[in-house]
Amino acid sequence: MGDFAAELVERVRQAAAAKTPLRIRGGGSKDFYGGPLEGEVLDTRRHAGIVAYDPTELVITARCGTQLSEIEAALAGEGQMLAFEPPRFDQAATLGGVVAAGLSGPRRVAAGSVRDFVLGVRMLDGRGEVLNFGGQVMKNVAGYDVSRLMAGAMGCLGLLLEVSLKVLPLPAAEATLRLEVPQGRALELLNGWAGRPLPISASCWQDDALTLRLSGASAAVAAACRQLGGESVADGAAFWLALREQRAAFFADDTPLWRLSLPSVAAPLDLPGAQLLEWGGALRWLKSGAAPERIRAAAAGAGGHATLFRGSEEARAEGAFQAPPPPLLALHRRLKRAFDPAGIFNPGRMFREF
Amino acid sequence: MDSGQRGLGEGHAADASDAIDVNAAIAALRRILPARGLLMGDEELRPYECDGLTAYRQMPLLVALPETEAQVVAVLRLCQEIGLPVVARGAGTGLSGGATPVRQGLVLSLAKFMRILEVDPVARTARVEPGVRNLAISEAAARFGLYYAPDPSSQIACTIGGNIAENSGGVHCLKYGLTVHNVLRLRVALIGGEVIEIGGGALDSPGFDLLALMIGSEGMLGVVLEATVKLTPKPLLAQVVMASFGDVVSAGNAVARIIAAGIIPAGLEMMDRAATAAVEAFVHAGYDLSAAAILLAESDGTPEEVAEEIAALRAVLEAAGAGDVRVSADEAERLKFWAGRKAAFPAVGRITPDYMCMDGTIPRKRVAEMLTRIEEFSEEFGLRCANVFHAGDGNLHPLIMFDANVPGETERATGFGARILELSVEMGGTITGEHGVGIEKVRQMCVQFSMRELSLFQAVKAAFDPDALLNPGKAVPTPRRCSEYRLTGTPGAH
Ligand SMILES: Cc1cc2nc3c(=O)[nH]c(=O)nc-3n(C[C@H](O)[C@H](O)[C@H](O)COP(=O)(O)OP(=O)(O)OC[C@H]3O[C@@H](n4cnc5c(N)ncnc54)[C@H](O)[C@@H]3O)c2cc1C
């Protein structure tokens, strides 16, 4: 563990010269996600370690290969957290993968997503140049916001060497409640509550059970519990962790798993298969063997998009993510060329076009 | 070249435009624009010669005031055809010269796009045109108990288009985020006239995060035609604590201690003695004039939550050495405490013929050190400086006072500002937290970024605007330009 940036630079430069495709890989916990895996594995795990962490600055900086669990343990030791609650899916998950995959957990609806917390990156572009964007401060508008652009880019624009993230204090109090309601009513309730100053930090609807998490000052959490009613759930923390890590029973089978990102006000979708809703209705998981075109059309019709989150390699090769319309896709291609002219990073992992 | 052009970057587009057939351009623009939609001649153009950074002035060739999306698109397409540079403009309150015209270029004013197209109280969103004023969104949402969270002090005047271009912040962004955290969707016209939609009604969209790229891009990648912003529920209660400190170091340390105590106040602002004196004379907010610095810390939420947090804040502030600690008794007093802070720039404007507002951002723990250094610079350059800042974010706004009519003072003020910005970078921070680079800080970009990083910015720009016609010479210097600056030595020198 340590600073192995020089080795990574060398590998990328050689690959760029030889036009060898590279598959950037940390712990491999998200190998299942996105398009098929292509290229020589470029393992980032040795380039690891927390570089700087000063709790009063609310910033942590760590190398890409640092395990997420190490970062979260360091933060917890100071009463702080990554407020976007990134899923690990595996103990091996690294910071680089977390940021590149751009996935956020249950608290996202209240706190924001990975990209909302990215303050700066040190990265390698496709020429093997070490570049720094953003920094360790809360606000920074010097130059285009390349560091946030890297979040969720699936490694297609560059290799993240180091990332600085904003962190937040752990809430003073949390409570979990459960109400029995059908989906339509749950959506109505969730959207209504979201328009009021309530400390709801996560929600999950499945099989007519709506589970809510409240976070904040103890007085505020207690007051909200009284206001919202329902029954209190004893082991709330375990419930939310299982949801975040997709270890809940809902996720435990081989049916293709679709991730539908929709406006929270979208009506319940009429699609075959089981559904689980998070983020106040803005994230809908669907386990369904229905035709991809049908699912994508339903998501688009509701004002959002669908991703084949877990599915067979053949199915994902057809495109895991909804491809943007032609003018946007053309812009994507031009950006890809600006960052990675030889097209070596993670080909096909995001879109088939690059 | 008159002194007003100092600092203007050239960019090849501006050179090429010398070859433009002005009469043909006017005729073509007249065909596109509504009657009175094309301004020309000294008298009509004068109001557009600068933005809030009045030290830099440049008359444009023409000003276009389109009224429909189709007109904007047609103007942009024409500009690309004939190689005419375009500078988009909202309310012109920018403080870095982002909307300063370029010579031989067109100013594209979005002032006519003032409609709030939709407020959806259930989805908690507002769909607005780019010329809508920041505060107008909150006013339209108020009857639903909602508001638009980012609140720049200029919110009565500045437009959402300008906010998006600068990624503007406000006194509440420590807790509620910057513009980038509060915009869901943009409709953008590219220079060739293509219209793209980025983001949407969902919380994310497939592909690269173009919203993040567009927000803060200073009008250099595209023209914002429409935005969907998030609305936030109004807290049931907000109260502000005002604390006086006998020295700036203790005030600076108090900020770090508040964060260390696990408190994220809704706002955390600081003003030094020079700033409070200027403000007090202007708005009579009741500030402690004997204090070397005052801190304003706001708590919001349910009444129970606020009571708990205010008690915690008071304890931390007292332990950090605050003299007087006062808590706003009611909404009127809370607004009075803030009125002073929000009026800080105009208040300083009253006591000096001119001022320049810096925008460096540094780690919180270095705030006290920075203030001490600014005092030294103030003596060195022989200019007064008042400090107002978003302490919770480490975002400083030193207001350097000068008189442009006194020969040499503008140059001294520029030199003073450059020193602060360079020190911000040295301290691990940035030259701009929320006002943008514009033309003002183009030189300091060469301090903050390497040639390779600047080349990547140029490549990003080229992916959107290959002929560099949108706001040329702003925000991102060419590597060639940086080599020249390095050769000519001190930033701020001509
Ligand atoms: C007294 C005072 C207080 C201020 N306080 C704050 C503060 O607290 N926080 C803060 O962040 N800023 C503050 N500012 C700075 C300024 O108000 C903001 O930068 C604001 O966002 C600018 O908005 P505008 O409409 O005036 O934009 P303009 O000044 O007209 O333009 C700013 C930039 O936006 C571009 N632009 C404008 N409209 C569009 C569009 N539709 N599409 C693409 N590009 C566009 C322009 O080309 C330019 O680069 C303050 C300014 C003043 C004068």
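Cut-offs used in this document
Residues numbered from 1 in each chain as written. Chains lettered and ligands numbered in written order. Predicted model: local features only at pLDDT ≥ 70, side-chain atom pairs only at ≥ 80, totals over all residues. Heavy atoms only, no water. Buried < 20%, exposed > 50% of the residue type's maximum accessible area, 1.4 Å probe, protein only. Helix = DSSP H or I, 4+ residues; strand = E, 2+ residues; numbered from the N terminus. Pairing = 2+ DSSP bridges. Domains from an automatic or database assignment. Contact = heavy atoms within 4.5 Å. Buried area = accessible area lost by both parts, 1.4 Å probe. Salt bridge = Lys/Arg side-chain N within 4 Å of Asp/Glu carboxyl O. Polar contact = N/O pair within 3.5 Å; in protein donor to acceptor, adjacent residues only side chain to side chain. Nonpolar A, V, L, I, M, F, W, Y, C, P; charged D, E, K, R; others polar. Phe/Tyr/Trp six-rings, centres within 6.5 Å; stacked < 30°, edge-to-face > 60°. Patch = residues over 30% accessible without salt bridge, like charges linked within 9 Å, V, L, I, M, F, W, Y side chains within 5 Å. Areas by Shrake-Rupley, 256 points an atom, 1.4 Å probe, with all protein chains shown as cover. Lys, Arg positive; Asp, Glu negative; His and termini not counted. Charge placed at Lys NZ, Arg CZ, Asp CG, Glu CD. Axes fitted to C-alpha atoms, helices over the stretch in contact; angles between N-to-C directions. Disulfide = S-S within 2.5 Å. Core = buried A, V, L, I, M, F, W, Y, C linked by side-chain atoms within 4.5 Å. Near = heavy atom within 4 Å. Expected span 1.5 Å × (residues − 1).

Quick look at the pairing of strand β18 (residues 395–402) of chain B now. Residue and element names in this part refer to chain B. Counting buried positions along β18 yields eight of eight residues, so the element is predominantly enclosed. The side-chain alternation of β18 yields two buried faces, one formed by Asn-395, His-397, Leu-399 and Met-401 and the other by Leu-396, Pro-398, Ile-400 and Phe-402. Inspection of the sheet shows strand β16 (residues 354–357) paired to β18 by four bridges, in the antiparallel sense. Pairing of Met-356 across the sheet is with Ile-400, part of β18. Bridging between strand β17 (residues 385–390) and β18 involves six bridges; their strand directions are antiparallel. The partner of Val-388 across the bridge, within β18, is His-397. Following β17, the chain reverses through four residues before pairing antiparallel with β18; Gly-394 in that reversal takes a positive phi of roughly 70°.

Residues and elements named next belong to chain A. Partitioning chain A into domains gives domain 1 (5–169 + 334–339), domain 2 (173–244) and domain 3 (257–310). Computed over C-alpha atoms only, the centres of domain 2 and domain 3 are separated by 22 Å. Counting from both sides, the interface comprises 10 residues of domain 2 and, opposite them, 14 residues of domain 3. Both sides of the domain 2 and domain 3 interface together cover about 910 Å² of buried area, and 58% of this is carbon and sulfur. The tally of links from domain 2 across to domain 3 stands at zero salt bridges. Across the domain 2-domain 3 interface, the total number found is three residue pairs in polar contact (both at pLDDT 80 or more). Residue assignment for the side of domain 2 that touches domain 3 shows that the elements contributing at least two residues are α7 (183–194) and β11 (200–206). Considering every element that reaches the side of domain 2 that touches domain 3, the biggest residue donor is α7, with five residues. The class makeup of the residues in the side of domain 2 that touches domain 3 is five nonpolar, five polar and no charged.

Here we come to the side chain of Ser-203 of chain A. In this fold, Ser-203 of chain A is placed in strand β11. A polar atom in the side chain of Ser-203 of chain A sits 2.9 Å from the backbone nitrogen of Gly-280 of chain A.

Under the criterion given, the structure shown has 21 aromatic pairs over all chains. Between Phe-354 of chain A and Phe-208 of chain B, the aromatic rings sit 5.7 Å apart at their centres with planes inclined by 25°, giving stacked as the arrangement. In this pair, Phe-354 of chain A is assigned in the segment after α12 (326–339) and Phe-208 of chain B in the loop between β9 (195–199) and α8 (210–214), connecting two distinct chains. By the burial criterion, Phe-354 of chain A is buried, and Phe-208 of chain B matches it.

As a further point, take a negative patch on the surface. A contiguous patch of negative charge, built from Glu-180, Asp-207, Asp-208 and Glu-231 of chain A, is present on the exposed surface. Its place among the elements puts Asp-207 of chain A in the loop between β11 and β12 (209–216).

Attention now goes to the pattern of salt bridges. For the coordinates displayed, the defined rule picks out 50 salt bridges over all chains. A single network of salt bridges, built from pairs that share partners, joins Glu-69, Glu-118, Arg-127, Arg-185, Arg-187, Glu-197 and Glu-226 of chain B.

Residues and elements named next belong to chain B. Taken together, five strands build an open sheet; the order of strands is β5-β6-β10-β8-β9 and the sheet is antiparallel. At either margin of the open sheet sits one strand with a lone partner, and together these are β5 (116–120) and β9. Shown here is a sheet whose adjacent strand axes are inclined to one another by a mean of 10°, direction ignored. Relative to strand β10 (residues 223–230), strand β8 (residues 183–189) runs antiparallel, the two being bridged by six bridges. Pairing of Leu-186 across the sheet is with Ala-227, part of β10. Against the sheet, helix α5 (residues 134–141) makes contact with β5, β6 (125–128) and β10, and its axis sits at roughly 45° relative to β5, the strand it touches most.

Glancing now at the state of the cysteines. Going through the model one piece at a time under the given rule, you end up with one disulfide over all chains. Summary of cysteine pairing: Cys-225 of chain A is not part of a disulfide, and the nearest cysteine sulfur, belonging to Cys-204 of chain A, is at 17 Å. Of the cysteine sulfurs around Cys-158 of chain B, a residue in no disulfide, the closest is that of Cys-173 of chain B, at 13 Å. Judged by its relative accessible area of 4%, Cys-158 of chain B is buried.

Below, the discussion takes up the nonpolar core. Counting residues in each nonpolar core, the largest one holds 161 residues, and the members touching the most others are Phe-339 of chain A together with Leu-186 and Phe-208 of chain B. With 28 residues, the next largest nonpolar core counts Leu-76, Ala-189, Val-223 and Leu-225 of chain B among its residues.

Below, the discussion takes up the site of the ligand. Residue and element names in this part refer to chain B. Lining the immediate environment of the ligand, one finds 33 residues, of which Ala-88, Gly-90, Thr-93, Ser-154 and Thr-159 sit closest. Separating a nitrogen atom of the ligand from a backbone N or O atom of Gly-169 is a distance of 3.0 Å. Relative to its unbound accessible area of 980 Å², the ligand is 95% covered by the protein chains. Taken together, the elements giving at least two residues each to the shell around the ligand come down to β3 (86–89), α6 (160–166) and β10.

Here we take up helix α9 (residues 248–260) of chain B. Residues and elements named next belong to chain B. With 13 residues, α9 ought to run about 18 Å at 1.5 Å a step, and its terminal C-alpha atoms sit 19 Å apart, in line with that. Of all the positions in α9, only Val-248, Ser-250, Ala-251, Gly-252, Ala-254, Val-255, Ala-256, Ile-258 and Ile-259 are classed as buried. Here the buried face of α9 lies against α7 (173–176), β12 (237–245), β13 (267–272), β14 (293–301), α11 (303–319) and α14 (367–381).

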